[in-house]
Amino acid sequence: MLAKRFVGILPPLTFQEALETTQIHSVAGILPPGTGLLTNRPLRAPHHTVSDAGLIGGGAGMPRPGEVSLAHNGVLFLDELPEFARNVLEILRQPLEDRAVTLARSNMTLSFPASFILVCALNPCRCGFRGDATRECRCTGAEIQRYLGKISGPLLDRIDLHIEVPAVPYKEMRSKDSSESSAEMRVRVLEARMIQQRRGFYNAYLPSTLLREVCKLDDAGERTLEMAMRRMGLSARAHDRILKVARTIADLGRAESVGAKHLAEAIQYRSLDRNYWN
Amino acid sequence: MALFRTRSAAIYGIEANIIDVEVDMYNGSPRDFVTVGMPDTAVRESRERIKSALLNSGFGYPKKAVTINLAPANVRKEGVGFDLPMAIGILGAMGLVKSADQHLLVGELSLDGTLRPVRGVLSIAACARQKGVLNVIVPAENASEAGVTEGVRVFGMHHLAEVVAYLQEPDRFQPFVSSPHQPSETDQEIPDFQDVRGQASSKRAL
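The paragraphs below set out a description of the structure included in this document. Only a predicted model underlies this, so the values are computations on that prediction, with no experimental measurement involved. (Residues numbered from 1 in each chain as written. Chains lettered and ligands numbered in written order. Predicted model: local features only at pLDDT ≥ 70, side-chain atom pairs only at ≥ 80, totals over all residues.)

To continue, consider the environment of B:Lys98. By the element assignment, B:Lys98 lies in the loop between helix 2 (83-94) and strand 5 (103-105). The sequence separation of B:Lys98 and B:Phe155 amounts to 57 residues, and the corresponding C-alpha distance is 18 Å. (Helix = DSSP H or I, 4+ residues; strand = E, 2+ residues; numbered from the N terminus.)

Encoded structure:
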């Protein structure tokens, strides 16, 4: 429900992006007849029985683009993440780092662009009630281990934002107060993006040489980060990613520099490292 | 005129490459119809579609042997887009079409000569522009997709006979003009969860 609406708050496709995405869809033969340029960012939600070739591309004869490439400039949504085959999940690592898939075959080497935002959803355990306030979880420790063990540390490490979504209380479900609309949210997103554009790079693409300069921390920030790194045992990749997320949160709040509160928010988005996998 | 050349393109990854389709027609049995240049099954089967399409569109089929070369010969060819250039090549060798050098053709033929849509037309149109081929003939259903490419004239055709009519009198036809389309409204209300904030920032991962 949330993930499907996510595309609606993303900035619109630039002409170049639209061209790239349309081209991939055209080669895959999934453009609806009569369509010109795609105007919306794609949302691809493959079922968890997807094969590795279906996800990154391949196939007999001339390899075709897979789901990661079809989600180029858009969103790849993997629902029920632990249900995916382990080898299928692990092949996501390389496209997530390189934003492209390179397929090497005996007679050719092809490269498909695959710059997508990965969105995943999973239950905390097989029965789904672990940590629930009202229902009791009936999974054994080993079952939980096996369920969550499908998702490896390196993959989790590449996911920047983890959010726990508890069941909605009845009152809230029935309340008539409307919340922020996608359009309003999009305005804020665009603003933050403008700020980053002026800096020269979108935060996600920030080269590591500039990272320290752009995400300069004050004393309180340094202390917060050090403590988090020590306590949670985070990797170097997580460190860089936390800084980028903090910078983004600061941009969204139109703050000049990254403060301790931005950092703290970025760190708390890594909740899965902390709560479930240790 | 027994040798005729048309141009088409093959998809390679998400890019396209120009493929020259050479049709040679010589005395022999019409059952001799050879396609060389690493065609896959779909390309090899196209001779059956071409024969029927030519007969059913009233062009007839010559009592001659045909050899078709897809050049460069060392690249694997896949898909059904070569039906149209091969058919036009045969018509050219029969003397019914004068010249198609300035045109890039793609399209699958159905047995009655109707053109069916193919994959990857956008890449093919982009490739045509790159290589300086200014006219691209595609199935009508692919026209809006190919029309995205600026700098080439795209013609969306419905039938083999229409393509032949065009090649005989190009001036009678208007290139396809891509209509600026309205971005459809996708915005939906987002239900309020405490993680709305998280969603807003996760787009930054881009």
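From this point, things continue past the structure.
Take the sheet that holds strand 4 (residues 75-78) of chain A next. All names here are of chain A. Strand order in the open sheet made by the three strands is 1-4-7, with parallel pairing throughout. Edge positions in the open sheet fall to strand 1 (43-44) and strand 7 (117-120), since each of these has one partner strand only. As paired strands, strand 1 and strand 4 are joined by two bridges and run parallel to one another. Paired with Leu 43 across the strands is Val 75, a residue of strand 4. (Pairing = 2+ DSSP bridges.)

At a minimum axis separation of 7 Å, helix 2 (residues 15-28) of chain A and helix 3 (residues 121-130) of chain B run at an interaxial angle of 115°. Residues A:Thr22, A:Gln23, A:Ser26 and A:Val27 of helix 2 of chain A form the contact with helix 3 of chain B, whose own contacting residues are B:Val121, B:Leu122 and B:Ser123. Tallied by class, the residues present in the contact of helix 2 of chain A with helix 3 of chain B amount to three nonpolar, four polar and no charged. (Axes fitted to C-alpha atoms, helices over the stretch in contact; angles between N-to-C directions. Contact = placed C-beta atoms within 7 Å. Nonpolar A, V, L, I, M, F, W, Y, C, P; charged D, E, K, R; others polar.)

Residue and element names in this part refer to chain A. Taken N-terminus to C-terminus, the directions of helix 12 (residues 219-232) and helix 14 (residues 260-268) make an angle of 20°; their axes are 8 Å apart at the nearest point. If you check the angle between helix 12 and helix 14, you find them roughly parallel. Crossing hand, helix 12 versus helix 14: right-handed. Along the contact surface, helix 12 presents Ala 220, Gly 221, Thr 224, Leu 225 and Ala 228, while helix 14 presents Ala 260, Leu 263, Ala 264 and Ile 267. Residues belonging to the contact of helix 12 with helix 14 are distributed by class as follows: seven nonpolar, two polar and no charged. (Parallel < 35°, antiparallel > 145°, perpendicular 65-115°, else oblique. Left-handed = near helix turned anticlockwise from the far one by under 90°.)

All names here are of chain B. Along strand 1 (residues 3-12), eight of the ten residues are buried, which leaves the element largely enclosed by surrounding structure. Inspection of the sheet shows strand 1 paired to strand 2 (residues 15-26) by ten bridges, in the antiparallel sense. Bridged to Phe 4 within strand 2 is Val 23. Between strand 1 and strand 2, which pair antiparallel in sequence order, lie two residues; one of them, Gly 13, sits at a positive phi of approximately 70°. (Buried ≥ 20, exposed ≤ 12 C-beta atoms within 10 Å, placed from the backbone.)

This part is about the pairing of strand 4 (residues 65-71) of chain B. Residue and element names in this part refer to chain B. Going residue by residue along strand 4, you find Val 66, Ile 68 and Leu 70 tucked away on one face and Ala 65, Thr 67, Asn 69 and Ala 71 left uncovered on the opposite face. Pairing of strand 2 with strand 4, which is carried by seven bridges, proceeds in the antiparallel orientation. Paired with Tyr 26 across the two strands is Ala 65, which belongs to strand 4. Sheet topology note: the strand 3 (residues 33-36)/strand 4 ladder contains four bridges and is parallel. If you follow Thr 35 over to strand 4, its bridge partner there is Ile 68. You can see the chain leave strand 3, run along helix 1 (residues 41-56) and come back into strand 4, and the turn it takes is left-handed. (Right-handed = clockwise from strand over helix to strand, strands pointing away.)

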